Structures are given as C-alpha cells and as structure tokens.
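Breakdown of the fold
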Amino acid sequence: MFPVNYGIQNQTLEVRVLGCNMLRNTEYFTTQDPYVILEYGGTKYRTRTCTNGGRNPSFNDRFLIRLIEGLLEMNIYVWNSNTFMSDTFIGSGRVQLQTVVDVGYCGDPCMLQTTSERYAGQVNLIMHYSGANGLQQACPPLQMHGQQHPHMHCQQHPRHMHGQPNDPHGPYPPEQPYPPPHMHWQRHPCSMHGQPYDPCSPYAGCRR
C-alpha cells in the first residue's frame, strides 16, 4: 500500500486555542497559571499564560501552522507556569488532523492525560483548513411534496389512470380482503443502521 497524498504540503492550518476545562490541579496553596503548547513537525506554538486561570483557563489564541504532507497528528501539552521553580506538567494529548483535512473544520476537544495515563482535563480548540475538498454527496437529496428525481420516470398503475374505478374483468385480479384471523404473517426482516448525532460545539462564549 502506498501512502495517500492529500496535497497539503505547505498549506495553512488555522488553529484557535479557546481554553481548557477541568485541568488537573498542580497547586496546593495558590491558583495555577496554565498555558498550552502545540507541537507539529518539530515546531512549537505557545499560548499566553492565563494568570490565575486555575482549572478552567481561557486563551482564545490563534496560530497559523504550515502543514507537512503525510503528517496528520499534532501534540498538545499543558503546563503550569511557576515563578521561582520550573514549570509543572499538567497533561498532554494528541489531535488527529484527518477530519479537518477532509472537511475543512473540526471543533472536537483534545483529552489530556498524565504520564501515568490518568485523566488531566481537556483543551478546547477549533481548526479550519481552506484547502479541503469537502465530502462528496453519496446519494441525491430527498424529494419533498411528491417531487420525483429528474432521472426517475414513474409510470402510473393502469388500473388507476384517469380516475377510472377498478374493472373486475380487466387484466388485473380484484383486490383481496384482509386475511382471516387464523393466518400468521411474518414481519419483514428490515433493520436500521442509524448513527448517533455528535454535535460539534465551537465554544463561542470564551473570554480573554
């Protein structure tokens, strides 16, 4: 199998880091000051430090990232900024870029874990990519109010043309009555394959 070429080399990916929710608390006596680092292709992009942001900091920082062909993963790290000692690691996660490359938008949060793989919160971000081709329509749209598809030709049943009643002596047999109570009918083995709707919220009300 040969790798798929998406034609994304040197194309621009816009990433907006909105904020974080339910971060692991690394301070015992004061409020932590978190910041976020995005790492892609060996380049790091750092948000500003949210002073006293605690477990739910807000950033709303925007980055323009040059994409690399074949690299569809971005690492995210969250740290607590300290004044008199080295910064404290809060958590990290990985963002897959397949969706945003395919459809041009993704607003899924990135879940964070500690080094021991324990939950450490989430980073809320929005990604835009203007070079996406979009999803191809797999089937024609539904026709409403009795309208038929332009490539479909439906013929009316000859027994019901021109509003004429059924002819018992015509080429079609008369309609049969309902079956008697002692007869048993089997349900048609149809099945549904619906998928749950997964909304994608852009966290529009973030503060600076």
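Read on for an overview of the structure.

Cut-offs used in this document
- Each chain carries its own residue numbering, running from 1 in the direction its sequence is written.
- At least 70 in pLDDT is required for a residue's local features to be given in this predicted model, at least 80 for side-chain atom pairs to be given and counted, and no such filter applies to totals for whole chains, interfaces and linings, which use all residues.
- Computation of side-chain values: all heavy atoms of the structure, hydrogens and water removed.
- Per the convention used, a helix needs a DSSP run of H or I reaching at least four residues, while a strand needs a run of E reaching at least two, with both numbered from the N terminus.
- For the exposure calls, accessible area comes from a 1.4 Å probe over protein chains only, and a residue counts as buried if that area is under 20% of its type's maximum, exposed if over 50%, partly exposed in between.
- Within 3.5 Å is the distance limit for a polar contact, defined as a pair of N or O atoms, with the added protein rule that one can donate a hydrogen and the other accept it, and that residues adjacent in sequence qualify only through two side-chain atoms.
- Here a salt bridge means any side-chain nitrogen of Lys or Arg lying within 4 Å of a carboxyl oxygen belonging to Asp or Glu.
- Centre distance within 6.5 Å is the pairing criterion for rings of Phe, Tyr and Trp, where only the six-membered ring of Trp is used; planes under 30 degrees apart are then read as stacked, over 60 as edge-to-face, and the remainder as tilted.
- To sit over a ring, a charge needs its Lys NZ or Arg CZ within 6 Å of the ring centre and within 35 degrees of the ring normal.
- Note on pairing: two strands pair once DSSP finds at least 2 bridges between them.
- Only four residue types enter the tally: Lys and Arg on the positive side, Asp and Glu on the negative side, with His and both chain ends excluded.
- We call two residues contacting when some pair of their heavy atoms lies within 4.5 Å.

1. Observations concerning the environment of Glu 14
On the secondary structure map, Glu 14 appears in strand 1 (residues 12-21). Since its relative accessible area comes to 23%, Glu 14 is described here as partly exposed. With 49 residues separating them in the primary sequence, Glu 14 and Phe 63 have C-alpha atoms 5.8 Å apart. Looking at Glu 14, its side chain comes within polar contact range of the side chain of Arg 62, at 3.0 Å.

2. Some thoughts on unusual backbone geometry
Phi angles above zero are rare outside glycine, and Met 22 is one such case at about 55°. Looking at the secondary structure, you find Met 22 in the loop between strand 1 and strand 2 (34-40). The phi torsion at Asn 60 lies on the positive side, around 60°, for a residue other than glycine. Considering the arrangement of structural elements, one finds Asn 60 in strand 4 (residues 58-66). Note on Asn 60: relative accessible area 19%, which makes it buried.

3. Quick word on the pattern of salt bridges
The full count for this structure, using the stated rule, is four salt bridges. For Arg 94, the salt bridge goes to Glu 73, with nearest N and O atoms at 3.9 Å. Of this pair, Arg 94 sits in strand 6 (residues 88-96) while Glu 73 sits in strand 5 (residues 73-80), placing them 21 residues apart in sequence. Residue classification places Glu 73 among the partly exposed positions, given a relative accessible area of 28%.

4. Quick notes on the packing of aromatic side chains
A full pass over the atoms with the stated rule returns two aromatic pairs. Sitting over the face of the ring of Tyr 35, Arg 46 holds its NZ or CZ atom 3.7 Å from the ring centroid.

5. Topic: the pairing of strand 1
Sheet analysis places strand 1 next to strand 4, joined by seven bridges and oriented antiparallel. Bridge assignment links Arg 16 to a residue of strand 4, and that residue is Arg 62. Where strand 1 and strand 9 (residues 119-129) come together, eight bridges link them in antiparallel fashion. Looking across to strand 9, one finds that Glu 14 is bridged to His 128.

6. With respect to the side chain of Glu 39
Structurally, Glu 39 is set in strand 2. No salt bridge forms around the buried Glu 39; measuring N to O, its nearest opposite-charge neighbour Lys 44 is 4.9 Å away. Of note is the side chain of Glu 39, whose polar atom sits 3.1 Å from the side chain of Tyr 77. Beyond its immediate stretch of four places on either side in the chain, Glu 39 contacts Lys 44, Met 74, Asn 75 and Tyr 77.

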